[in-house]
Amino acid sequence: MPKFYTTDFDEMETLFNTEIDKNLNQSEFEVLLQEFKTDYNQTHFVRNKEFKEAADKIDGPLRQIFVELLERSCTAEFYGFLLYKELGRRLKKTNPVVAEIFSLMSRDEARHAGFLNKGLSDFNLALGLGFLTKARKYTFFKPKFIFYVTYLSEKIGYWRYITIYRHLKENPEYQCYPIFKYFENWCQDENRHGDFFSALLKAQHQFLNDWKAKLWSRFFCLSVYVTMYLNDCQRTAFYEGIGLDTKEFDMHVIIETNRTTARIFPAVLDVENPEFKRRLDKMVEINEQLIAAGESDDIHLVKDLKRIPLIAALASELLATFLMRPIESGSVDFAEFEAQLVY
Amino acid sequence: MLGALSAASLTLGPGSAPAPFTAKCGNDGAANALATAPSFRTAVAVVDSDQLSPEKKQAQKYHFVVANAKFMLDEEEHFKELLFERLRYNGEHDKEQDFWLVIEPKFLDNFPDITKRLRRPAVALVSTNGPWITEKEKKIYHGQWRNSTLFAGREGPWPPQVPPFRLCPQWFMKLRLDRVLSDSYEADSLEEALASNPTKLEFEKPENWVAPYAKYEFGWWGPFLPNGLKV
């Protein structure tokens, strides 16, 4: 299931406290606030009777996969709503501009989650969002890690949605459920959310300008890309159901997300190097064996003994991929190579 | 020395600010443009009301981001989506168009420090909906650079070697596209502001297209060109 991220709210407050840092660059935030206030998708998420009709026609294994996808997406959006809402609340006094942006982002996530939850009702299900709010299992990340991870997941979300939208527009025979038609406008929200995290990183320049920042950038790129690739390969029936080749879809999303991320992270992975895909595919194989070992009828001890070398193999592939030569990158506002750039 | 700097930057005339402030501000800020742009003014001058002729139009400020045409129109597909989203929004709220795409704009002739770093043909996104930061606040930032967290922990002589990007106005398109140069100018009419040199555009097909969809059609930018211009 998607993770619920939480963070050190006190440190967040301090980072963006305009009393403490009188020279905090607010200009990008003011500009973004105007973009979010514009509320481009205010009237976009309106359903029609096509939804229930389409859902009733989806049966067999594809139905279960659809339900699972809706559940996972709804949960992820809902967790985003909770985190942003809390950040909006906590930063109100110390930085009202940034706080308002977080609140407007939580408005977007609530809309997305609500729309997905209504989709679930087409399949005669619904997520207990109240129950999810009380969930105690969460992943703690210090603020700077929240910035890296959330930037990546918002931008990757944009690329996933727009790719599915554009593919289905050209291949309408696969439009088995109308929600995909909403993706084009919807994903602009995700893209804007990513822009805000880009501005947060630029305002805290120390998260972008040293060797540690470069290592963390590469680490989070790797985690996010590998997680998506492994997850999607396990759910390949959905992508095939809408006419996509899962691995080709994922590689395209990874390449584009990486290119976008190169506009802000000081280092990114060389994802177009064939070695990168080779290692990802190897990880998929190992992961499949790991899952098989876990699901076998062996006793616990035997299961663990089978899994240990597999986990070691996976870790080794991950490390080798991490150590691949990275690509130097970053915003032209302060990248070292800016002077050589021709626009 | 800091006090003298603040006083110098308040006048904002050509050559009055020290080199680092003009070097990188939005890739050549107002001070430089003043020195090189006789027909495009970048600061509002105080004029006696009896000197104003009734026919004199109010100068309008135009903000732009610019890069080569291949980047703006062929590579950045999300850019097309943003422009159409804005167009849709303006339509839904009965707003007049306040942004345009200009291919090989004439105003670039007055920004040599931009054009020397620009691949041609170039395309600019021009808008009257500019950044919020005013001239006054730009001056305040000039004086406070040394306390900025951008330079925290850095030792070294004055002036700082790192381009002081914080001292420049930002706007959303610059943040989103990043690999663009930006600035602003004034013009007396829309026609003057959006004047361009006729150019034929041609883009090579990408070497390696891995997307499960076709590229956006050549010419998608038609609705955003100034009135009457063809693709």
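Model, not experiment: these values are computed from the prediction.

Scanning chain A for helices and strands turns up 13 helices and 4 strands. For chain A, whose C-alpha radius of gyration is 21 Å, the value lies close to the compact-globule estimate of 20 Å for 343 residues. Within chain A, the fraction of its 343 residues that count as buried is 56%. Here the contacts in chain A between residues at least 6 apart in sequence split such that 82% fall between residues at least 24 apart. Of the accessible surface of chain A, which amounts to about 15000 Å², a share of 55% is contributed by carbon and sulfur atoms. Averaging the locations of the 44 positively and 51 negatively charged side chains of chain A gives two centres separated by 3 Å.

Turning our attention to the side chain of A:Arg263. Tracing the sequence through the fold places A:Arg263 in the loop between helix 11 (246–261) and strand 3 (267–268). At 3.1 Å, the side chain of A:Arg263 and the side chain of B:Glu76 are in polar contact. Apart from residues lying up to four places away in sequence, A:Arg263 is in contact with A:Gly330, A:Ser331, B:Phe71, B:Glu76, B:Arg176, B:Leu177, B:Asp178 and B:Arg179.

Turning next to the interface of chain A and chain B. Listed as interface residues are 51 residues of chain A and, on the opposing side, 48 residues of chain B. Overall, the association of chain A and chain B removes approximately 4600 Å² of surface from exposure, summing both partners, and the carbon and sulfur fraction of that is 48%. With a closest N to O distance of 3.9 Å, B:Glu75 and A:Arg259 form a salt bridge. Of all the secondary-structure elements, those providing two or more residues to the side of chain A that touches chain B are helix 2 (27–38), helix 7 (143–170), helix 8 (183–203) and helix 11 of chain A. Here the side of chain A that touches chain B gets 9 residues from one element, more than from any other, and that element is helix 8 of chain A. Of the residues assigned to the side of chain A that touches chain B, the class counts are 19 nonpolar, 18 polar and 14 charged.

Our focus in this paragraph is the sheet that holds strand 4 (residues 181–187) of chain B. All names here are of chain B. In space, the 4 strands of this open sheet follow the order 2-3-1-4, with antiparallel pairing throughout. Because the sheet does not close on itself, it has two edges, and the strands there are strand 2 (99–103) and strand 4. Across this sheet, the average inter-strand angle for adjacent strands is 30°, counted without regard to direction. Strands strand 2 and strand 3 (122–127) of the sheet are contacted by helix 5 (residues 77–92), whose axis makes an angle of about 140° with strand 2.

Okay, the state of the cysteines next. Residue and element names in this part refer to chain A. Under the definition given, this model contains 0 disulfides over all chains. Free cysteine: cysteine 233, not disulfide-bonded; nearest cysteine sulfur from cysteine 221 at 19 Å. For cysteine 233, a relative accessible area of 15% puts it in the buried group.

Residues and elements named next belong to chain A. Overall, the coordinates contain 58 aromatic pairs over all chains when judged by the stated rule. Judged by centre distance (5.4 Å) and plane angle (40°), the rings of tyrosine 151 and phenylalanine 265 are tilted. Of this pair, tyrosine 151 sits in helix 7 while phenylalanine 265 sits in the loop between helix 11 and strand 3, and the two are 114 residues apart along the sequence. Here tyrosine 151 falls in the buried class, since its relative accessible area comes to 2%.

Residues and elements named next belong to chain B. For strand 3, a buried count of 6 out of 6 residues is recorded, marking the element as mostly surrounded by other parts of the structure. Neither face of strand 3 is open: one carries Ala122, Ala124 and Val126, the other Val123, Leu125 and Ser127, and all of them are buried. Summarising the sheet, strand 2 and strand 3 pair through 5 bridges and their orientation is antiparallel. The partner of phenylalanine 99 across the bridge, within strand 3, is serine 127.

Another point: the packing of helix 9 (residues 211–234) of chain A against helix 12 (residues 274–295) of chain A. Residues and elements named next belong to chain A. Orientation of helix 9 relative to helix 12, taken along the N-to-C sense of each, is 55°, at an axis distance of 10 Å. Accordingly, the angle class assigned to the pair helix 9 and helix 12 is oblique. Note that helix 9 runs across helix 12; the crossing there is right-handed. Taken together, the residues of helix 12 that come into contact with helix 9 (itself represented by Tyr225, Val226, Tyr229, Leu230, Cys233 and Gln234) are Phe276, Lys277, Leu280, Asp281, Met283, Val284, Asn287 and Ile291. Residue composition of the contact of helix 9 with helix 12, grouped by class: 10 nonpolar, 2 polar and 2 charged.

This part is about the confidence of the model for chain A. In this model, chain A carries a mean pLDDT of 90, and residues with pLDDT of at least 70 account for 98%. The secondary structure element of chain A with the lowest average pLDDT is helix 6 (residues 129–133) of chain A, at 70, and the one with the highest is helix 11 of chain A, at 97.

Taken together, A:Ile299, A:Leu301, A:Val302, A:Leu305 and A:Ile308 make up a surface patch of nonpolar side chains, about 500 Å² in accessible area. Within the secondary structure, A:Ile308 sits in helix 13 (residues 300–323).

Let us look at the pairing of strand 4 of chain B. Residues and elements named next belong to chain B. For strand 4, a buried count of 7 out of 7 residues is recorded, marking the element as mostly surrounded by other parts of the structure. The alternating pattern of strand 4 places Leu181, Asp183, Tyr185 and Ala187 and Ser182, Ser184 and Glu186 on opposite faces, both of which are buried. As paired elements, strand 1 (residues 60–68) and strand 4 share 7 bridges and run antiparallel to each other. Its bridge partner lying in strand 4, histidine 63 is registered against serine 184.

Attention now goes to the environment of A:Val97. Residue and element names in this part refer to chain A. Among the secondary structure elements, valine 97 is positioned in helix 5 (residues 96–122). A relative accessible area of 12% places valine 97 in the buried class. Among all residues touching valine 97, those that are not within four sequence positions of it are Gln26, Phe29, Glu30 and Leu33.

Ranked by size, the top nonpolar core spans 139 residues in total, and within it B:Met72 and B:Leu101 carry the most contacts. If sequence neighbours within four positions are ignored, B:Leu101 has contacts with B:Leu73, B:Phe79, B:Leu83, B:Val123, B:Ala124, B:Leu125, B:Trp220, B:Trp221, B:Phe224, B:Leu225 and B:Pro226. If you look at the next biggest cluster of nonpolar residues, it comprises 20 residues, including A:Tyr343, B:Leu108, B:Tyr185 and B:Ala193.

All names here are of chain A. Two numbers describe how helix 12 lies on helix 13: the axes approach to 9 Å, and their chain directions differ by 165°. In terms of orientation, helix 12 and helix 13 fall into the roughly antiparallel class. Between helix 12 and helix 13 the crossing geometry is left-handed. Facing Phe276, Arg279, Lys282, Met283, Ile286, Gln289, Leu290, Ala293 and Gly294 of helix 12, the residues of helix 13 in contact are Lys303, Lys306, Arg307, Leu310, Ile311, Ala313, Leu314, Glu317, Leu318, Ala320 and Thr321.

Once that is clear, we can look at helix 5 of chain B. Residue and element names in this part refer to chain B. Taking 1.5 Å per residue as the helical rise, helix 5 with its 16 residues ought to reach 22 Å, and the 23 Å between its terminal C-alpha atoms agrees with that figure. Along helix 5, the residues that are buried comprise Glu77, His78, Phe79, Lys80, Glu81, Leu82, Leu83, Glu85, Arg86, Tyr89 and Asn90. Looking one or two residues past helix 5, aspartate 94 carries a phi angle of roughly 50°, positive in sign.

Criteria and cut-off values
- Residues numbered from 1 in each chain as written.
- Chains lettered and ligands numbered in written order.
- Predicted model: local features only at pLDDT ≥ 70, side-chain atom pairs only at ≥ 80, totals over all residues.
- Heavy atoms only, no water.
- Helix = DSSP H or I, 4+ residues; strand = E, 2+ residues; numbered from the N terminus.
- Rg over C-alpha atoms; globule rule 2.2 N^0.38 Å.
- Buried < 20%, exposed > 50% of the residue type's maximum accessible area, 1.4 Å probe, protein only.
- Contact = heavy atoms within 4.5 Å.
- Areas by Shrake-Rupley, 256 points an atom, 1.4 Å probe, with all protein chains shown as cover.
- Lys, Arg positive; Asp, Glu negative; His and termini not counted.
- Charge placed at Lys NZ, Arg CZ, Asp CG, Glu CD.
- Polar contact = N/O pair within 3.5 Å; in protein donor to acceptor, adjacent residues only side chain to side chain.
- Buried area = accessible area lost by both parts, 1.4 Å probe.
- Salt bridge = Lys/Arg side-chain N within 4 Å of Asp/Glu carboxyl O.
- Nonpolar A, V, L, I, M, F, W, Y, C, P; charged D, E, K, R; others polar.
- Pairing = 2+ DSSP bridges.
- Axes fitted to C-alpha atoms, helices over the stretch in contact; angles between N-to-C directions.
- Disulfide = S-S within 2.5 Å.
- Phe/Tyr/Trp six-rings, centres within 6.5 Å; stacked < 30°, edge-to-face > 60°.
- Parallel < 35°, antiparallel > 145°, perpendicular 65-115°, else oblique.
- Left-handed = near helix turned anticlockwise from the far one by under 90°.
- pLDDT = per-residue confidence, 0-100.
- Patch = residues over 30% accessible without salt bridge, like charges linked within 9 Å, V, L, I, M, F, W, Y side chains within 5 Å.
- Core = buried A, V, L, I, M, F, W, Y, C linked by side-chain atoms within 4.5 Å.
- Expected span 1.5 Å × (residues − 1).

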